[in-house]
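Each chain is listed here by its residues.
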Amino acid sequence: MNLSNMIAQRPNKTIYRDGDRVIKVMNEEFLAADVLNEAHNHAIVQAAGFPVPALHEVCKVQGKWAIVMDHVEGCTLANMLDENPKNAAQYMERLVDIQMDMHSYKADRLRHLSDKFHDKINQSGLDSAVRYELHNRLQGLPKRNKLCHGDFTPGNVIITPDDRVVVVDWSHATQGSASADAARTYLRLVLAGQAEMAEVYLQLFCQKNGTEQKYVNKWLAIVAASQLVKRVPAERELLLRWANIIEFNG
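The structure displayed is predicted, hence computed values, not measured ones.

Chemist: Would you mind going over helix 10 (residues 233–243) with me for this structure?
Modeler: Note: α-helices contain 3.6 residues per turn, so residues at a spacing of three or four share the same orientation. Every buried residue of helix 10 is accounted for by Glu-235, Leu-238, Leu-239, Trp-242 and Ala-243. Buried residues of helix 10 fall within an arc of 130° about the axis and therefore sit on the same side. Opposite the buried face of helix 10, by more than 90 degrees, sit the exposed residues Pro-233 and Glu-237. Looking at the packing, one finds that the buried side of helix 10 touches helix 5 (128–140), helix 6 (178–191) and helix 9 (220–228).

Written as structure tokens, this is what we have:
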């Protein structure tokens with residue numbers, strides 16, 4: 001494999017292009033189980049018919065785990081936002097429309113979102129009383145089976161030159177509630193310093209889905225607790241504030 005053409009670098013992975021393939025190389029700390037789980041999720045979503053890059057193989061490259069898939073020509077919604085910020089509302093509407101389409105798919109072999117969140121709450125480091133309240137809240141929320149991305153942000157949505165949509169990075173995919181997936185997108189936008197855009201996104205999501213905001217708000221403490229597992233110091237204060245609030249009002 002040719003790793004001379006790096007096209008993206010993130011804190012825990014580096015992405016290369018080799019002809020018509022993309023090689024996503026993970027850092028050393030990635031366990032085989034984590035990489036195989038991401039590839040497994042990707043394969044399930046691909047089989048469900050939702051547009052993702054075709055998956056080719058999981059292998060080791062220079063001693064590191066890697067996932068190989070098709071290269072997709074296009075521009076992410078994140079890049080489009082950077083280049084044309086005046087069109088932010090239009091791009092947020094496109095993001096919501098794509099997410100709504102995704103939620104219309106079923107992928108029954110994926111792990112259920114509620115089971116994942118129960119595990120994340122246990123790993124969050126929150127005190128036992130808060131964990132107990134969060135487990136109880138999660139237990140009382142409706143269990144759905146919609147295809148959820150788990151990290152549905154503008155950077156993971158590619159628009160091709162002929163205006164097709166391809167969504168990447170399925171490591172957090174589950175089946176569950178659309179409102180939970182929206183709460184996760186909202187949180188990720190806020191943590192990225194895009195609070196104003198997050199509010200636009202949430203208003204559009206609720207309006208287009210005919211959902212009252214209070215139903216998304218019920219998930220915010222839970223998704224904040226799940227994010228605490230990453231142990232990012234810069235995020236901790238905000239996440240603790242959200243995770244310790246037992247009721248959000250719409």
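Chemist: Help me understand the pattern of salt bridges in this model?
Modeler: A side chain of one charge can pair with a side chain of the opposite charge if their charged atoms are brought near each other. For the structure shown, the criterion picks out 13 salt bridges. Here Asp-151 and Arg-188 are joined by a salt bridge, their closest N and O atoms 2.7 Å apart. Placement of Asp-151 in the loop between strand 7 (146–148) and strand 8 (157–159) and of Arg-188 in helix 6 is noted, with a sequence separation of 37 residues between them. Asp-151 sits in the buried class, given a relative accessible area of 8%. Given the relative accessible area of 24%, Arg-188 is considered partly exposed.

Chemist: What should I look at first to understand the sheet that holds strand 6 (residues 75–76) in this one?
Modeler: Each strand in a sheet pairs with its neighbour through backbone hydrogen bonds, running either in the same direction (parallel) or in the opposite one (antiparallel). Spatial strand order, 6-8-9: three strands in an open sheet with antiparallel pairing. Here the strands that pair on one side only, and so sit at the sheet edges, are strand 6 and strand 9 (165–167). Sheet contacts for helix 3 (residues 88–103): strand 8 and strand 9; angle to strand 8, the most-contacted strand, approximately 110°.

Chemist: How do you make sense of the nonpolar core when you look at a structure like this?
Modeler: Side chains of a nonpolar character, in soluble globular proteins, are inclined to be buried together. Of all hydrophobic cores here, the largest spans 61 residues; its most connected members are Phe-50, Ile-98, Val-157, Trp-170, Tyr-201 and Trp-219. For this core, the element with the highest residue contribution is helix 6, accounting for eight residues. Setting aside residues up to four positions removed in sequence, Trp-170 forms contacts with Glu-38, Asn-41, His-42, Val-45, Phe-50, Val-52, Met-102, Leu-147 and His-149.

Chemist: Explanation requested: the environment of Ala-66 in the structure shown.
Modeler: For Ala-66, the position within the fold is in strand 5 (residues 64–70). Overall, the relative accessible area of 0% leaves Ala-66 in the buried class. Beyond its immediate stretch of four places on either side in the chain, Ala-66 contacts Ile-23, Lys-24, Val-25, Glu-57, Val-58, Cys-59 and Val-61.

Chemist: Can you help me understand the sheet that holds strand 5 in this one?
Modeler: Ordered by their spatial adjacency, five strands build an open sheet running 1-2-3-5-4, and the pairing between neighbours is antiparallel. If you trace the sheet from one side to the other, it starts and ends with strand 1 (6–10) and strand 4 (55–61), each paired once. Neighbour to neighbour, the strand axes of the sheet diverge by 20° on average, direction disregarded. Alignment of strand 3 (residues 21–26) against strand 5, held across five bridges, turns out to be antiparallel. Looking at strand 5, one finds that Val-22 is bridged to Met-69. Sheet strands touched by helix 1 (residues 32–48): strand 3, strand 4 and strand 5. Its angle to strand 4, the strand with the most contacts, is close to 170°.

What counts as what
Residues numbered from 1 in each chain as written. Predicted model: local features only at pLDDT ≥ 70, side-chain atom pairs only at ≥ 80, totals over all residues. Heavy atoms only, no water. Buried < 20%, exposed > 50% of the residue type's maximum accessible area, 1.4 Å probe, protein only. Helix = DSSP H or I, 4+ residues; strand = E, 2+ residues; numbered from the N terminus. Arc of directions from axis to C-beta. Contact = heavy atoms within 4.5 Å. Salt bridge = Lys/Arg side-chain N within 4 Å of Asp/Glu carboxyl O. Pairing = 2+ DSSP bridges. Axes fitted to C-alpha atoms, helices over the stretch in contact; angles between N-to-C directions. Core = buried A, V, L, I, M, F, W, Y, C linked by side-chain atoms within 4.5 Å.

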